[in-house]
Amino acid sequence: SAVISQKPSRDICQRGTSLTIQCQVDSQVTMMFWYRQQPGQSLTLIATANQGSEATYESGFVIDKFPISRPNLTFSTLTVSNMSPEDSSIYLCSVGGGSGGTDTQYFGPGTRLTVL
Amino acid sequence: TQLLEQSPQFLSIQEGENLTVYCNSSSVFSSLQWYRQEPGEGPVLLVTVVTGGEVKKLKRLTFQFGDARKDSSLHITAAQTGDTGLYLCAGEERGANNLFFGTGTRLTVIP
């Protein structure tokens, strides 16, 4: 298993500003994932981040809005840029635990973002 | 994006009752996982099923993967208040690098 921490755990931000969320894993992992979970809803994958390459974004998400860094095998950041109230969500990072990278995913506790 | 529909969306039952949550898709998955998420936390994996028709039991929880690997169910016997949470199914397609999460079932067990 993997232990994952996220910072900040929550934040309240003003419209038009940006917030960078950090994700730290206690072991080296190849694949990291960033999800958004809107209130009371399921998880939507934003992007997959592999160390040493650019992140792969899902339909509806773009790098300009959600830039991602993956400087090493234990750390990643997601920035929510030029925020609007529609960006209010829980943002979760996860790592794949299986040999294929996705057999099991371990999740961080999430970052609850509120945009005013 | 593959759609995994869960039903019911909300479920409120008395402690001691039984319940079943369904996860359905038109897509075939190489594996299917069930997670439970509690407020303020990330989802936690309960089980992974990989073989069509497979049944797995974890204490009071029984998971079944459909023969065609397109659907799954979660049955809880004698529900307890600690079972309260958001239950999510997630499917992995062969060759894909990510999971597709279901729409979620929010379970409340009333003492």
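S.K.: Tell me about unusual backbone geometry, and please be specific about residues and values.
M.R.: Pro8(A) follows Lys7(A) through a cis peptide bond whose omega is -10 degrees. Turning to its location among the elements, Pro8(A) is positioned in the loop between β1 (4-7) and β2 (10-13). A cis amide bond, omega -5 degrees, links Ser7(B) with the succeeding residue Pro8(B). Following the sequence through the fold, Pro8(B) ends up in the loop between β1 (5-7) and β2 (10-14). One non-glycine residue with positive phi stands out, namely Lys59(B), at about 55 degrees. Looking at where Lys59(B) falls in the secondary structure, it is placed in the loop between β6 (55-58) and β7 (61-65). Of note in this structure, Arg69(B) is not a glycine but carries a positive phi near 60 degrees. Tracing the chain through its elements places Arg69(B) in the loop between β7 and β8 (71-76).

S.K.: Residue-level account of the pairing of strand β5 (residues 44-49) of chain B, with values.
M.R.: All names here are of chain B. Bridging between strand β4 (residues 31-37) and β5 involves five bridges; their strand directions are antiparallel. Considered in β5, the bridge of Trp 34 is made with Val 47. Here β4 folds back onto β5 in antiparallel fashion, the turn holding six residues, of which Gly 40 has a positive phi close to 80 degrees.

S.K.: Any details on the sheet that holds strand β3 (residues 19-24) of chain B? Residues and values, ideally.
M.R.: Residue and element names in this part refer to chain B. Read across the open sheet, the five strands follow the order β1-β3-β8-β7-β6; overall the sheet is antiparallel. Among the strands making up the open sheet, the edge pair consists of β1 and β6. For this sheet, the mean angle separating the axes of adjacent strands, direction not counted, is 15 degrees. Where β3 and β8 come together, six bridges link them in antiparallel fashion. Bridge assignment links Leu 19 to a residue of β8, and that residue is Ile 76.

S.K.: Give a description of the interface of chain B and chain A that names residues and reports values.
M.R.: Taken together, the contact pairs 21 residues of chain B with 18 residues of chain A. When chain B packs against chain A, the two sides together hide about 1400 Å² of surface, and 49% of this comes from carbon and sulfur. Taken together, the links from chain B to chain A amount to zero salt bridges. Seen at the junction of chain B and chain A, the total is three residue pairs in polar contact (both at pLDDT 80 or more). Looking at the side of chain B that touches chain A, the elements that each hand over two or more residues are β4, β5, β9 (85-92) and β10 (99-101) of chain B. Considered class by class, the residues forming the side of chain B that touches chain A number eight nonpolar, ten polar and three charged.

S.K.: Explain the sheet that holds strand β8 (residues 75-80) of chain A residue by residue, including any values.
M.R.: Residue and element names in this part refer to chain A. Strand order in the open sheet made by the four strands is β1-β3-β8-β7, with antiparallel pairing throughout. The open sheet is flanked by β1 and β7 (68-72), the only strands paired with a single partner. Sheet twist, expressed as the average angle between the axes of neighbouring strands with direction ignored, equals 15 degrees. Examined bridge by bridge, strand β3 (residues 19-25) and β8 share six bridges and lie antiparallel to one another. Paired with Cys 23 across the strands is Ser 76, a residue of β8.

Rules and cut-offs
- Residues numbered from 1 in each chain as written.
- Chains lettered and ligands numbered in written order.
- Predicted model: local features only at pLDDT ≥ 70, side-chain atom pairs only at ≥ 80, totals over all residues.
- Heavy atoms only, no water.
- Helix = DSSP H or I, 4+ residues; strand = E, 2+ residues; numbered from the N terminus.
- Pairing = 2+ DSSP bridges.
- Axes fitted to C-alpha atoms, helices over the stretch in contact; angles between N-to-C directions.
- Contact = heavy atoms within 4.5 Å.
- Buried area = accessible area lost by both parts, 1.4 Å probe.
- Salt bridge = Lys/Arg side-chain N within 4 Å of Asp/Glu carboxyl O.
- Polar contact = N/O pair within 3.5 Å; in protein donor to acceptor, adjacent residues only side chain to side chain.
- Nonpolar A, V, L, I, M, F, W, Y, C, P; charged D, E, K, R; others polar.

Purely geometric numbers; function is a separate question.
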